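This is what each chain is made of:
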Amino acid sequence: MTEQKIQFKKIKELEQQGYYVIKLTTTNKNGIPDLLAIPPNSDVLFVEVKKPNGKLSKLQEYRLKELKKHGIKTEVYRG
């Protein structure tokens, strides 16, 4: 079984347990694990950064709603 298939299997297992799972592909920290599994109603904060007049894409809006549905705090920061 390939690593990709193993990851997919683990993602499905975690999601069935109620976690919001993100597969990390690029981060600002070397050696970060492949998956981020966030339990419901955690204190994690996801921040979308925009220019003062920047607009959210439809996908960004969807993801923010999806995170909120899982009880995860989100914000849009306009610098």
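Description of the structure in this document. Note that the coordinates shown come from a computational prediction; the quantities given were computed from them, not determined experimentally. (Residues numbered from 1 in each chain as written. Predicted model: local features only at pLDDT ≥ 70, side-chain atom pairs only at ≥ 80, totals over all residues. Heavy atoms only, no water.)

The next subject is the pairing of strand β3 (residues 45-50). Each regular strand displays side chains that alternate between the two surfaces of the sheet. Both β3 and strand β4 (residues 73-78) contribute to a ladder of six bridges, which runs parallel. Bridged to Val47 within β4 is Glu75. The parallel pair β3 and β4, bridged by helix α2 (residues 58-69), forms a crossover whose chirality is right-handed. (Pairing = 2+ DSSP bridges. Helix = DSSP H or I, 4+ residues; strand = E, 2+ residues; numbered from the N terminus. Right-handed = clockwise from strand over helix to strand, strands pointing away.)

The next subject is the side chain of Ser42. Of note, Ser42 is situated in the loop between β2 (35-38) and β3. Overall, Ser42 belongs to the buried group, its relative accessible area being 13%. Not counting chain neighbours up to four residues away, the residues in contact with Ser42 comprise Gly71 and Ile72. (Buried < 20%, exposed > 50% of the residue type's maximum accessible area, 1.4 Å probe, protein only. Contact = heavy atoms within 4.5 Å.)

Next up on the list: the environment of Asn28. Along the chain, the position of Asn28 falls in the loop between β1 (20-23) and β2. Taking the C-alpha atoms as reference points, Asn28 and Val76, separated by 48 residues in sequence, lie 20 Å from one another.

Moving on: the pattern of salt bridges. For the coordinates displayed, the defined rule picks out four salt bridges. Lys12 is the partner of Glu15 in a salt bridge, and the nearest nitrogen-oxygen pair spans 3.6 Å. Of the two residues, Glu15 and Lys12 both sit in helix α1 (residues 3-16), three residues apart, roughly one turn of that helix. (Salt bridge = Lys/Arg side-chain N within 4 Å of Asp/Glu carboxyl O.)

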